[in-house]
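# Structural characterization, general
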Amino acid sequence: MKGALLTQFPILASCLGISAVTAQVFDPNKGSSSGWGPAVVGTNKTTNATFSNPVMTLNVGDPFMTKYTADGEDWYLFTYTTNSNVTLKRSRYLTDNWDNAESRVVFNPDPTSGEPWSTSLWAPEIHNISGSWYIIFTATSDGDNPPPLLDAMCPINCPAINHRMFVLAGDGPDPWTASFAMKPMLDTYDQFAIDGTYFYFEDKLYHIYSCWEQKYSSWPANLCITRMSDPWTINSTLLERRIISIPNEPWEQVPYGRPVRLATNEGPQQLTNPKTGQNFVIYSAARVNTPFYCLGMLELVGNDPMEYQSWRKHTAGCVFHQNSVAGVYGTGHASFVTSPDGSEDYIVYHAQTTPNPAADLYRTARIQKFTWNEDGTPKFPLAENGPFAVPAGQQVLTQ
């Protein structure tokens, strides 16, 4: 998730004769790092045997990766928040230096058009559903600067109040050559909606996204689920929508243990154990522009995802989090993919490089291998920089 400038604070500060304090800025064109040498980004090109994090140093968040096959070749397909468009990258190598990977823009709206999808495009994902490709993303028409009277309806400043969910449909089986067209807006009952994803269970499709309880709630950010009849049509009413997780654990709140404001559940992503069939939703918790941003976990333990009783939260704490010793902070918004030979599982996530992020937030994309516990739950590693062995089946592709 991204945020916006809270313009009221500088004005108030000026009136009081004190220095203005601005909120976090999430513009990928503004944040920067001290510089990365190519040798420490992604695969070591000298040996092709190891890789290091980050795998992409361009300032982006919300990385999503999947695999596809075209003309007998397997490819990794990568998308992420640019703020202004939907960009795809592809490579045959999971741990490539993604800064240099082949790239194409598939949706580039006019930010002055006033269309509801024209600004602040966040968290795109690309999914193959029944042989067709769909991109789901969130956006708004106002650059997260709503009219003051609308913002005043919220008990706490709510710049993202007009964010809604959208779907682009591809016209062919190859996502790299397909053209993508806008489908009707996903129905989220004219309420705040970000970070939407698809959830599949027993041949049925669901939409899970970050939501508010009421239209003007502002905080906390919860996880909601609705039924879908196809990848762009919701067939649940507002009364049938269910909140399946609220940020009621202290580690989901910023500062630690403070409820409501900045208490966050967002960035949900389905993860299925390939051996046991257990279904999980891995989501981001706490606040994105702090070092405490981390991953939480829900497990589907019932037979109906639309029943909140069917979900069990891992309450012991974050399942993946910052590692201050390694200088990795704000680990969140993950997706999951397998190695080139399909034998290993990998987590793709973004992270910060400082415990005290500047207003121009800087995040990189990172990849690590994970395994599974005996009880079927995912066993995530400590966030590290590497070097690591390259994914199984990757090195042979370079020979």
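Residues numbered from 1 in each chain as written. Predicted model: local features only at pLDDT ≥ 70, side-chain atom pairs only at ≥ 80, totals over all residues. Heavy atoms only, no water.

## Some details on the overall build of the protein
For the protein, the helix and strand inventory stands at two helices and 24 strands. The C-alpha atoms of the protein give a radius of gyration of 20 Å, which matches the 21 Å a tight globule of 399 residues would have. On the principal axes, the C-alpha backbone points of the protein span a range of 65 × 45 × 45 Å. Residues counted as buried form 56% of the 399 residues belonging to the protein. The contacts of the protein with a sequence gap of at least 6 include a subset with a gap of at least 24, amounting to 57%. Surface exposure of the protein reaches about 16,400 Å², of which carbon and sulfur atoms provide 52%. The averaged location of the 37 negative side-chain charges in the protein is 3 Å from the averaged location of its 25 positive side-chain charges. (Helix = DSSP H or I, 4+ residues; strand = E, 2+ residues; numbered from the N terminus. Rg over C-alpha atoms; globule rule 2.2 N^0.38 Å. Buried < 20%, exposed > 50% of the residue type's maximum accessible area, 1.4 Å probe, protein only. Contact = heavy atoms within 4.5 Å. Areas by Shrake-Rupley, 256 points an atom, 1.4 Å probe, with all protein chains shown as cover. Lys, Arg positive; Asp, Glu negative; His and termini not counted. Charge placed at Lys NZ, Arg CZ, Asp CG, Glu CD.)

## Remarks on the state of the cysteines
Counted under the stated rule, the structure contains three disulfides. With a sulfur-sulfur separation of 2.2 Å, Cys 294 is cross-linked through a disulfide to Cys 318. Torsion about the S-S bond of the Cys 294 and Cys 318 cystine: about -60 degrees, corresponding to left-handed handedness. Of this pair, Cys 294 sits in strand E18 (residues 294-300) while Cys 318 sits in the loop between strand E19 (311-313) and strand E20 (329-338), and the two are 24 residues apart along the sequence. Its relative accessible area of 0% is what places Cys 294 among the buried residues. Judged by its relative accessible area of 23%, Cys 318 is partly exposed. When the cysteines engaged in disulfides are numbered in sequence order, the protein pairs them as 1-2, 3-4, 5-6. (Disulfide = S-S within 2.5 Å.)

## Side note on the environment of Tyr 76
Here Tyr 76 is to be found in strand E4 (residues 73-81). Assessed through its relative accessible area of 2%, Tyr 76 is described here as buried. Separated by 36 residues in the primary sequence, Tyr 76 and Val 40 have C-alpha atoms spaced 21 Å apart. A distance of 3.5 Å separates the side chain of Tyr 76 from the backbone oxygen of Ser 339, its partner in a polar contact. (Polar contact = N/O pair within 3.5 Å; in protein donor to acceptor, adjacent residues only side chain to side chain.)

## What to know about the nonpolar core
In terms of nonpolar packing, the biggest core is built from 20 residues, with Val 86, Ile 126, Ile 135, Phe 137 and Phe 180 touching the most fellow members. At the level of elements, strand E3 (61-70), E4, strand E5 (86-91), strand E6 (102-107), strand E7 (119-129), strand E8 (132-140) and strand E9 (164-170) are the ones that each hand at least two residues to this core. The element best represented in this core is E8, accounting for four residues. (Core = buried A, V, L, I, M, F, W, Y, C linked by side-chain atoms within 4.5 Å.)

## Focus on the pattern of salt bridges
Under the counting rule described, the total for this entry stands at eight salt bridges. Between Lys 45 and Asp 96 there is a salt bridge, with the nearest N and O atoms lying 3.5 Å from each other. Here Asp 96 lies in the loop between E5 and E6 and Lys 45 lies in the loop between strand E1 (42-43) and strand E2 (50-52), a separation of 51 residues in the sequence. Assessed through its relative accessible area of 52%, Lys 45 is described here as exposed. For Asp 190, the salt bridge goes to Arg 164, with nearest N and O atoms at 3.0 Å. One end of the pair, Asp 190, is in the loop between strand E10 (180-182) and strand E11 (193-201); the other, Arg 164, is in strand E9, and 26 residues separate them in sequence. You can call Arg 164 buried: its relative accessible area is 7%. A single salt-bridge network, built from bridges that share partners, covers Arg 164, Asp 190 and Lys 215. (Salt bridge = Lys/Arg side-chain N within 4 Å of Asp/Glu carboxyl O.)

## Some words on the packing of aromatic side chains
One pass over the structure, following the stated rule, counts 17 aromatic pairs. Taking 5.4 Å as the distance between ring centres and 50 degrees as the angle between the ring planes, the aromatic pair formed by Phe 78 and Tyr 80 counts as tilted. Accessibility assignment for this pair places Phe 78 and Tyr 80 in one class, buried. Three or more aromatic residues joined by ring pairs make a cluster, and in this case those are Phe 320, Phe 336, Tyr 349, Phe 370, Trp 372 and Phe 380. (Phe/Tyr/Trp six-rings, centres within 6.5 Å; stacked < 30°, edge-to-face > 60°.)

## Comments concerning the sheet that holds strand E23 (residues 378-379)
One key point about sheets: their strands pair by backbone hydrogen bonds, in either a parallel or an antiparallel sense. Here four strands make up an open sheet; going across it, the order is E20-E21-E22-E23 and the pairing antiparallel. Two strands close off the open sheet at either side, each with one partner strand: E20 and E23. (Pairing = 2+ DSSP bridges.)

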